[in-house]
Amino acid sequence: LENLQPEIKELAKRLRYEVSVRGKQLGWSEKVARFHFAKNMRRIVTELYVRDNCHPFKATLLLWVQVPMWVCVSLALRNCSVGALGPAVQEQFSSGGALWFTDLTAPDSTWILPVSLGLVNLLVVEV
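From a predicted model like this one, the values you see are computed outputs, not experimental measurements.

Student: I'm lost on unusual backbone geometry in this one. Help?
Tutor: Most peptide bonds take the trans form, and the phi angle of most residues other than glycine is negative. Positioned with a positive phi, Asn53 is a non-glycine residue whose angle comes to about 55°. Locating Asn53 in the fold gives a position in the loop between helix 2 (30-52) and helix 3 (56-81). By relative accessible area, Asn53 is classed as exposed at 55%. If you check the backbone angles, Trp111 has positive phi at about 65° while not being a glycine. Tracing the chain through its elements places Trp111 in the loop between helix 4 (87-94) and helix 5 (112-126). With relative accessibility at 57%, the residue Trp111 sits in the exposed group.

Next up, the structure:
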C-alpha cells in the first residue's frame, strides 16, 4: 500500500486536471466535478489494488487471527499454571522448566523471559 502512494498521488493529480477540463466543457458545478473525481478515483485505486494484489483488508487479516489466538493461548497457559486443569498439570508445570526457570508456575524474578519476548515481538513488527 505504501509503495502505491506516489503512483496514486500522480494519478489523482492527472485525474483532477482532466475532470476540471471536462467539467468546464460540460458546465459542471463544483459538486458534480467532485463527485466524478471521487467516483473515478475509487475505480482507479481499486484497479491498482487488484493489479498489485494489495487490498487494505489483507493488512488487517493477521490482526484478526493473531489477537484471538493470543487471548486463547494466554488464558490456556494461565489456567494450566494456576491449577485450573487439575493438580497433575500444575505438578508437571512446577517441575518441568529448564535453565534458570525450573518452576513454570512461579513468576520470572529475573525478567529475562518477559523482556526478551517483548524485544523479539518488537523486532518482528519492525522488520
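Student: What should I look at first to understand the environment of Phe57 in this one?
Tutor: Secondary-structure assignment places Phe57 in helix 3. As a C-alpha pair, Phe57 and Pro107 span 50 residues in sequence and 38 Å in three-dimensional space.

Student: Please clarify how the domain arrangement of the protein should be interpreted in this entry.
Tutor: Put simply, an interface is often sized by how much accessible area is lost when its parts join up. Split into domains, the protein comes out as domain 1 (3-54) and domain 2 (59-126). Each of domain 1 and domain 2 has a C-alpha centre, and these two points are 49 Å apart.

Student: Would you mind going over the layout of surface pockets with me for this structure?
Tutor: Rolled over the atoms, a probe sized like a water molecule indicates the empty space that remains. The volume enclosed by the largest pocket comes to roughly 620 Å³. In terms of lining, the largest pocket is formed by 16 residues, of which the most central are Leu104, Ala106, Pro107, Asp108 and Leu113. Only helix 3 and helix 5 provide two or more residues apiece to the lining of the largest pocket. When its residues are assigned to classes, the lining of the largest pocket shows ten nonpolar, three polar and three charged. Its volume calculated, the second largest pocket comes out at about 170 Å³. Take the lining of the second largest pocket: its biggest share by element is four residues, from helix 5. Considered class by class, the residues forming the lining of the second largest pocket number five nonpolar, two polar and no charged.

Student: Help me out: how do you make sense of the packing of helix 1 (residues 5-26) against helix 2 in this one?
Tutor: Angle between the axes and distance between the axes are the two parameters that describe a pair of packed helices. Contact geometry of helix 1 with helix 2 gives a least axis separation of 10 Å together with a crossing angle of 150°. Accordingly, the angle class assigned to the pair helix 1 and helix 2 is roughly antiparallel. Read as a crossing pair, helix 1 and helix 2 show a hand that is right-handed. Mapping the contact onto sequence places Glu7, Ile8, Leu11, Ala12, Leu15, Arg16 and Val19 in helix 1 and Ala33, Phe37, Asn40, Met41, Ile44, Val45, Leu48 and Arg51 in helix 2. Of the residues contributing to the contact of helix 1 with helix 2, the split by class is eleven nonpolar, one polar and three charged.

What counts as what
Residues numbered from 1 in each chain as written. Predicted model: local features only at pLDDT ≥ 70, side-chain atom pairs only at ≥ 80, totals over all residues. Heavy atoms only, no water. Helix = DSSP H or I, 4+ residues; strand = E, 2+ residues; numbered from the N terminus. Buried < 20%, exposed > 50% of the residue type's maximum accessible area, 1.4 Å probe, protein only. Domains from an automatic or database assignment. 1 Å grid on protein atoms, 1.4 Å probe; cavity = no way out; pocket = protein on both sides within 12 Å on 5 of 7 lines; lining within 4 Å. Points joined across faces, edges and corners; volume = space filled by probe spheres on them. Nonpolar A, V, L, I, M, F, W, Y, C, P; charged D, E, K, R; others polar. Axes fitted to C-alpha atoms, helices over the stretch in contact; angles between N-to-C directions. Parallel < 35°, antiparallel > 145°, perpendicular 65-115°, else oblique. Left-handed = near helix turned anticlockwise from the far one by under 90°. Contact = heavy atoms within 4.5 Å.

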